[in-house]
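# Geometric and topological summary
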Amino acid sequence: MSDQKQKKSVGHRILTVVGIVLCVILIPMLIINCTLIVKSFAHHDEVPSMFGIAPMIVLTDSMYPDIQSGDLVFCKTIDAKDVNVGDVISFFDPAVSRQQSVVTHRVTAIDPQTGAFTTKGDANNTEDNMPVPPENVIGIYKTRIAGAGHIAMFMQSSTGFVICVLLPIALLVLYDFLRRKAYEKETAGDTEALKAELEALKAEKAAAEASTEEKPAE
C-alpha cells in the first residue's frame, strides 16, 4: 500500500472514531436537552422528566451533607401513597404558588386522614412550616451528581442553549460534511488511479501491436 493510501486510510479511521465519539456524547445530550425544553414549555405546571426520572437543581444546603447546594438530583416520579416516613421527596412548596419553588426534604410523618406529609431538611433545626398535600409530591429522591447543578443552570441560559443544543447539531453536520468529502476524495483518487492503470495497459498493448507490425517477414 502506498504512503498516500495509508494516509487516506488513517484519516478515514480518525474521522470514523471522531464521529462515533460525537454520536455517543452529543446525541444523547441533544435528545435529553430538547425533550426537557419541550416538556418545560408544554407543561408549565409540571417538572419535566424523562422515563419517569425528573432532574432538579439544588439551591440550598438544607439537606447537607447528603445533598448539597449545586447538586443535580434525580427523583423518580411516584404516587404519593407509595411514600413512606424516612423517604426523601421532592415537592412543590405549599407555602408558595405552584411551580414557583420545588423543595427536596425528608418525610418525618404522614397524616393518616389527609395523607399530607410533614417534612424536614436534614440540616434544619425544625420541620417545615406547612404539611405537603399528596398532589404536591413530584417524586422520591434516588441519586445525585455533585456540582452538576451548576452545569444544568448554565445549560438553561441562552449561552448554554447555544453550546449544549445548537453546537452539537453543528458538530454533527460538520462531521457528516467532512466524512462525505473524505469519501468523495478517496473515491475520486481510486477512479483516477484506475484510469491511469487502464491507459498504461492500452499503451502497452498499442506498443506491442506496433512492434509486431514492424517486425520484418522471414
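These remarks concern the structure in this document.

About the cut-offs
Residues numbered from 1 in each chain as written. Predicted model: local features only at pLDDT ≥ 70, side-chain atom pairs only at ≥ 80, totals over all residues. Heavy atoms only, no water. Helix = DSSP H or I, 4+ residues; strand = E, 2+ residues; numbered from the N terminus. Contact = heavy atoms within 4.5 Å. Areas by Shrake-Rupley, 256 points an atom, 1.4 Å probe, with all protein chains shown as cover. Core = buried A, V, L, I, M, F, W, Y, C linked by side-chain atoms within 4.5 Å. Buried < 20%, exposed > 50% of the residue type's maximum accessible area, 1.4 Å probe, protein only. Salt bridge = Lys/Arg side-chain N within 4 Å of Asp/Glu carboxyl O. Patch = residues over 30% accessible without salt bridge, like charges linked within 9 Å, V, L, I, M, F, W, Y side chains within 5 Å. Pairing = 2+ DSSP bridges. Axes fitted to C-alpha atoms, helices over the stretch in contact; angles between N-to-C directions.

This paragraph deals with the overall build of the protein. The number of helices and strands found in the protein is three helices and six strands. Going from N to C terminus, the protein has its helices and strands arranged as α-β-β-β-β-β-β-α-α. Contacts in the protein between residues far apart in sequence, at least 24 positions, make up 56% of those at least 6 positions apart. Element-wise, carbon and sulfur atoms account for 61% of the exposed surface of the protein, whose accessible area totals about 14,500 Å².

The next point concerns the nonpolar core. Ala-54, Met-56, Val-58, Met-63, Ile-67, Val-73, Cys-75, Val-88, Phe-92 and Ile-138 form the largest nonpolar core, which has 10 residues in total. Elements represented by at least two residues in this core include exactly β1 (53-57), β2 (72-76) and β3 (88-92). When sequence neighbours within four positions are dropped, the list of residues in contact with Ile-67 reads Val-58, Val-73, Val-88, Thr-104, Tyr-141 and Arg-144. In terms of nonpolar packing, the next biggest core, distinct from the first, is built from nine residues, Ile-89, Phe-91, Val-103 and Val-107 among them.

As enumerated under the stated definition, the model contains four salt bridges in all. A salt bridge links Arg-106 to Asp-66; the nearest nitrogen and oxygen atoms lie 3.9 Å apart. You can see Arg-106 sitting in strand β4 (residues 102-110) and its partner Asp-66 sitting in the loop between β1 and β2, a full 40 residues away along the chain. Here Asp-66 falls in the partly exposed class, since its relative accessible area comes to 44%. The salt bridge involving Asp-71 is made with Arg-144; its shortest N-O contact spans 2.4 Å. One end of the pair, Asp-71, is in the loop between β1 and β2; the other, Arg-144, is in strand β6 (residues 137-145), with 73 residues separating them in the sequence. On the accessibility criterion, Arg-144 (29% relative accessible area) is partly exposed. Here the residues in one salt-bridge network are Asp-66, Arg-106 and Asp-122, joined through shared partners.

Here we come to a nonpolar patch on the surface. Nonpolar side chains collect at one region of the surface, where Phe-154, Phe-161, Val-162, Ile-163, Leu-166, Leu-167, Ile-169 and Val-173 lie side by side and expose about 650 Å² of accessible area between them. In terms of residues, the nonpolar patch owes the most to one element, helix α3 (residues 158-214), which gives seven residues. For Ile-169, the position within the fold is in helix α3. A residue is classified by how much of its surface remains accessible, and Ile-169, at 39% relative accessible area, is partly exposed.

Direction of pairing for β3 relative to β4: antiparallel, over a ladder of five bridges. The partner of Val-88 across the bridge, within β4, is Arg-106. Between β4 and the antiparallel strand that follows it, strand β5 (residues 117-120), lie six residues; Gly-115 among them carries a positive phi value of about 80°.

Attention now moves to the sheet that holds β4. Through backbone hydrogen bonds, the strands of a sheet pair up, either in parallel or in antiparallel fashion. In space, the six strands of this open sheet follow the order β1-β2-β6-β3-β4-β5, with antiparallel pairing throughout. Each edge of the open sheet is held by one strand with a lone partner, namely β1 and β5. Going across the sheet, the axis of each strand differs from the next one's by a mean of 50°, ignoring polarity. One ladder, built from four bridges, connects β4 with β5; its direction is antiparallel. Its bridge partner being in β5, Val-107 is matched across the sheet by Thr-119.

Secondary-structure assignment places Ile-78 in the loop between β2 and β3. Considering only alpha carbons, one finds Ile-78 and Gly-139, 61 residues apart in sequence, at a separation of 5.3 Å. Those residues in contact with Ile-78, other than ones at most four positions away along the chain, are Val-83, Ile-138, Gly-139 and Ile-140.

Below, the discussion takes up unusual backbone geometry. Note: most residues except glycine have negative phi, and most peptide bonds are trans. At the junction of Tyr-64 and Pro-65, the peptide bond is cis and its omega measures out at 10° in the coordinates. Along the chain, Pro-65 falls in the loop between β1 and β2.

A word on the environment of Phe-74. Secondary-structure assignment places Phe-74 in strand β2. Residue Phe-74 is classed as partly exposed on the basis of its relative accessible area, which comes to 21%. Phe-74 sits 67 residues away from Tyr-141 along the chain, and the two C-alpha atoms are 6.1 Å apart. The residues contacting Phe-74, other than those within four sequence positions of it, are Ile-53, Ala-54, Pro-55, Ile-140, Tyr-141, Lys-142, Thr-143 and Ile-145.

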